[in-house]
Amino acid sequence: MAEEQVRIEIGFDGGQIMGAYVPSAAAEELERALAEGRDGALPLEAEDGRYTVSLRRVLYVKRFSREGRVGFTSA
């Protein structure tokens, strides 16, 4: 079974906003790194590719609640 994907939005200190679908564990790791005040970069594997996020530049992370997605999925 595939890991659940969640939609996140990351706001950066220059005004840029990035949105992506990432595995739930990756979203939790990002939130944990920010809560602990870690510095450096955190790689995120997203649905559309790999991102490396500079933790010191992040102002906020929004984790969207589960939403219905249009289309067909396999159970």
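Up top you'll find the structure we're talking about.
So, here is what we can say about the structure in this document.

A separate point is the overall build of the protein chain. What the protein chain contains, in helices and strands, is 1 helix and 5 strands. For the protein chain, the N- to C-terminal ordering of α and β elements is β-β-α-β-β-β. In the protein chain, of all internal contacts separated by at least 6 residues, the share reaching a separation of at least 24 is 43%. If you sum the accessible surface of the protein chain, you get close to 5400 Å²; carbon and sulfur atoms cover 50% of it.

Per the stated rule, a full pass over the model turns up 0 aromatic pairs. The ring of F64 has R7 sitting right over it, with the charged end atom 3.9 Å from the ring centre.

Take the environment of Q16 next. Mapped onto the fold, Q16 is located in the loop between strand 1 (5-12) and strand 2 (17-23). A relative accessible area of 48% places Q16 in the partly exposed class. Once residues lying within four places of it in the same chain are set aside, the contact partners of Q16 are I10 and G11. Side-chain polar atoms of Q16 contact the backbone nitrogen of G14, separated by 3.5 Å.

Before going further, it helps to examine the environment of Q5. You can see Q5 is positioned in strand 1. A residue is classified by how much of its surface remains accessible, and Q5, at 31% relative accessible area, is partly exposed. Expressed as a C-alpha distance, the spacing of Q5 and Y21, which sit 16 residues apart in the sequence, is 5.8 Å. Among all residues touching Q5, those that are not within four sequence positions of it are Y21, V22, P23 and E47.

Moving on, we get to the nonpolar core. Judged by nonpolar contacts, the single largest core of 17 residues is most densely connected at I8, I10, F12, V22, L30, L44 and V53. Elements with a minimum of two residues in this core: strand 1, strand 2, helix 1 (24-35) and strand 3 (41-46). Non-local contacts of I10, meaning those with residues more than four positions away in its chain, are made with Q16, I17, M18, L30, L44, V53, V58, Y60 and V61.

Definitions and cut-offs
- Residues numbered from 1 in each chain as written.
- Predicted model: local features only at pLDDT ≥ 70, side-chain atom pairs only at ≥ 80, totals over all residues.
- Heavy atoms only, no water.
- Helix = DSSP H or I, 4+ residues; strand = E, 2+ residues; numbered from the N terminus.
- Contact = heavy atoms within 4.5 Å.
- Areas by Shrake-Rupley, 256 points an atom, 1.4 Å probe, with all protein chains shown as cover.
- Phe/Tyr/Trp six-rings, centres within 6.5 Å; stacked < 30°, edge-to-face > 60°.
- Lys NZ or Arg CZ within 6 Å of the ring centre and 35° of its normal.
- Buried < 20%, exposed > 50% of the residue type's maximum accessible area, 1.4 Å probe, protein only.
- Polar contact = N/O pair within 3.5 Å; in protein donor to acceptor, adjacent residues only side chain to side chain.
- Core = buried A, V, L, I, M, F, W, Y, C linked by side-chain atoms within 4.5 Å.

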